[in-house]
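If you want the building blocks of each chain, they are given just below.
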Amino acid sequence: MYKPLGEVAKIKRGERITKNQLVAQGKYPVISGGTKPLGYFDQANRNAGTITVAQYGTAGYVDWQNEDFWANDVCYSILPHSEINNRFLYHVLRCAQWGIYSLVTDAVPAYLPQQRLTSISIPVPPLAEQVRIVNILDKFDTLTNSLTEGLPLEIELRRKQYEYYREQLLSFPKN
């Protein structure tokens, strides 16, 4: 069964922080509209394990935050409801990354409207199936990350293998 993202998760926009408020030795990264932290701040407004999607800048970029952080106002936090495993939703959104990029407006700067993000269709298998899928995909993630110091060919092969299995595991028939 598929449902719109807005039915299975809350999409919450971050809170504004200016570059003048950033600190060089801050405790928490500030996640904004890019692929890397904007800087650091002494407070956090989101917990580790949060899915983020850039609203502006690298609009549509999906990421997983491994530590507490400050979500800036050009960053969406995706907070799944109880029927969706958080890590499963992350894998689904990463699988849909190019489709999410296609929702971005052609404006300058690029912008991802929240209504477009909430309307994307998300597979919702039973929670036990979600957990099974997460366990498989996370093992591939761990293996791929541990190989980053290894041979480039092996890394590329593992990445392709991961993508193949991700596509297979996250392909559900539409009703």
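Our subject is the structure that appears above.
What counts and what doesn't
Residues numbered from 1 in each chain as written. Predicted model: local features only at pLDDT ≥ 70, side-chain atom pairs only at ≥ 80, totals over all residues. Heavy atoms only, no water. Helix = DSSP H or I, 4+ residues; strand = E, 2+ residues; numbered from the N terminus. Rg over C-alpha atoms; globule rule 2.2 N^0.38 Å. Buried < 20%, exposed > 50% of the residue type's maximum accessible area, 1.4 Å probe, protein only. Contact = heavy atoms within 4.5 Å. Areas by Shrake-Rupley, 256 points an atom, 1.4 Å probe, with all protein chains shown as cover. Lys, Arg positive; Asp, Glu negative; His and termini not counted. Charge placed at Lys NZ, Arg CZ, Asp CG, Glu CD. Pairing = 2+ DSSP bridges. Axes fitted to C-alpha atoms, helices over the stretch in contact; angles between N-to-C directions.

**Student:** Describe the overall build of the chain, listing the residues and the values that go with them.
**Tutor:** Tallying secondary structure elements over the chain gives 6 helices and 9 strands in all. Since a compact globule built from 175 residues should have a radius of gyration of about 16 Å, the 17 Å found for the chain is in line with a globular shape. Principal-axis analysis of the C-alpha atoms gives the chain an extent of 45 × 40 × 30 Å. Counting only residues that meet the buried cut, the chain has 43% of its 175 residues in that class. Contacts in the chain between residues at least 24 apart in sequence constitute 66% of all its contacts with a sequence separation of at least 6. Surface summary for the chain: the accessible area is close to 9,700 Å², and the carbon and sulfur share equals 52%. Distance between charge centres in the chain, computed from 19 positive and 17 negative side chains, equals 3 Å.

**Student:** Which residues make up the side chain of Gln55, and what are the values?
**Tutor:** For Gln55, the position within the fold is in the loop between β5 (50-54) and β6 (62-65). For Gln55, the residues in contact, after removing those within four places along its chain, are Arg13, Asp73, Val74, Cys75, Tyr76, Ala110, Tyr111 and Leu112.

**Student:** Outline the sheet that holds β5, supporting the account with residue identities and numerical values.
**Tutor:** Here we have 4 strands laid out as an open sheet, ordered β2-β8-β5-β6, and antiparallel in their pairing. At either margin of the open sheet sits one strand with a lone partner, and together these are β2 (9-13) and β6. Across the sheet, the axes of successive neighbouring strands diverge by a mean angle of 30°, strand direction being ignored. Its contacts with the sheet place helix α2 (residues 86-95) against β2, β5, β6 and β8 (75-80), and it is angled at close to 150° to β6.

**Student:** I'd like a description of the sheet that holds strand β7 (residues 70-71), backed by residues and values.
**Tutor:** Taken together, the 3 strands give an open sheet; going across it, the order is β4-β3-β7, and neighbouring strands pair in mixed fashion. The sheet is open, and its two borders are formed by β4 (39-41) and β7, each paired with just one other strand. Where strand β3 (residues 28-31) meets β7, 2 bridges bridge the pair, whose relative direction is parallel. Opposite Val30, over in β7, you have Trp70 as the bridge partner.

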